[in-house]
Amino acid sequence: MENLNKYVEHTLLKQDATIAELVKLFEEAKEHKFLGVCVNPCYVSLAKEKLKDSDVKIVTVVGFPLGANTTETKIFETINAIRDGADEIDMVINVTMLKDRNLEYVVNEISGIKAACQGKALKVIIETDLLTKEEIKLASELCVKGGADFVKTSTGFVKGGVGAKVEDVELMFNTVKDAGLQVKASGGVRDKQAALAMIKAGAVRLGTSSGVKIVS
């Protein structure tokens, strides 16, 4: 596959990232013509400045990494991020509410954040490492009901988690494809072989800090 770079959201979300590392991320994204970068919300305006003469999308995260903020807080984060220049929002689902089967809460939160996106794409991180197969399917269905654009595997922050698994991506894809949603595989996609396996399973986006390695 020649255009792997167009699947990559070049990601740097670690807590101790330096500004120099972020600037390097933006330069690499431009050099390799990656589809996007994914950074924490306080760096969106920096990304906007550094990527202004490129086609690289700016993606940021909301309710990250636990998903346990109030819905109002997540909506506020979303509005701020769009104002600062974010092109897409990756929100973390409230896993407790999902597991407790408070499904209305989950759907309402997704739809509230989607409204705050002002037409920009919303991806919903369901944190597959913490879910059963049944819960992965259910969470994907709730993303459809809430009006999301994508369902995404992982934050990459679950201790001992493996992140994206091929069978989970396939399950998510099969659950949402007829509704027109797409899948982002994130967490543990570290080489070309893994990237191609995720794409074959149905992912159209790859959230990875190994983008340069994957395309080189």
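Here the structure is shown first, and the text comes after it.
Here the structure is a predicted model, which is why all the values come from computation and not from measurement.

What follows covers the packing of helix H5 (residues 103-116) against helix H6 (residues 133-146). Contact pair H5 / H6: the axes reach a minimum separation of 8 Å and the direction vectors enclose 45°. If you check the angle between H5 and H6, you find them oblique. Judged by the twist between their axes, the crossing of H5 over H6 is right-handed. Here Leu-103, Val-106, Val-107, Ile-110, Ser-111 and Lys-114 of H5 lie close against H6, whose contacting residues are Leu-138, Leu-142, Cys-143, Lys-145 and Gly-146.

To continue, consider the packing of aromatic side chains. If you walk through the whole model with that rule in mind, you get one aromatic pair. Taking the centre distance of 5.0 Å and the plane angle of 85° together, the rings of Phe-64 and Phe-157 count as edge-to-face. Taken as a pair, Phe-64 in the loop between strand E3 (57-62) and helix H3 (71-84) and Phe-157 in the loop between strand E6 (150-152) and helix H7 (166-176) lie far apart in primary sequence, 93 residues in all. Residue placement shows Lys-123 over the ring face of Phe-150; its charged tip is 5.6 Å from the ring centre.

Attention now moves to the pattern of salt bridges. Evaluated as defined, the whole model comprises 22 salt bridges. Taking the shortest distance from any N to any O, the salt bridge between Glu-88 and Lys-57 comes out at 4.0 Å. With Glu-88 in strand E4 (residues 88-92) and Lys-57 in strand E3, this pair connects stretches of sequence that are 31 residues apart. When salt bridges with common partners are traced through the structure, they connect Glu-9, Lys-57, Glu-88, Asp-90, Lys-123, Lys-152, Lys-184 and Arg-205 into a single cluster.

Sheet strands line up and pair through hydrogen bonds in the backbone, either parallel or antiparallel. Strand order in the closed barrel made by the eight strands is E1-E2-E3-E4-E5-E6-E7-E8, with parallel pairing throughout. Averaged over neighbouring strand pairs, the angle between their axes works out to 25° when direction is ignored. As paired strands, strand E2 (residues 36-39) and E3 are joined by four bridges and run parallel to one another. Counted as the bridge partner of Val-39 is Thr-60 from E3. The strands touched by helix H1 (residues 19-31) within the sheet are strand E1 (8-12) and E2, with E1 carrying the most contacts at an inclination of about 170°. The strands touched by H5 are E4 and strand E5 (121-125); relative to E5, the strand with the most contacts, the crossing angle is about 150°.

What counts, and at which threshold
- Residues numbered from 1 in each chain as written.
- Predicted model: local features only at pLDDT ≥ 70, side-chain atom pairs only at ≥ 80, totals over all residues.
- Heavy atoms only, no water.
- Axes fitted to C-alpha atoms, helices over the stretch in contact; angles between N-to-C directions.
- Helix = DSSP H or I, 4+ residues; strand = E, 2+ residues; numbered from the N terminus.
- Parallel < 35°, antiparallel > 145°, perpendicular 65-115°, else oblique.
- Left-handed = near helix turned anticlockwise from the far one by under 90°.
- Contact = heavy atoms within 4.5 Å.
- Phe/Tyr/Trp six-rings, centres within 6.5 Å; stacked < 30°, edge-to-face > 60°.
- Lys NZ or Arg CZ within 6 Å of the ring centre and 35° of its normal.
- Salt bridge = Lys/Arg side-chain N within 4 Å of Asp/Glu carboxyl O.
- Pairing = 2+ DSSP bridges.

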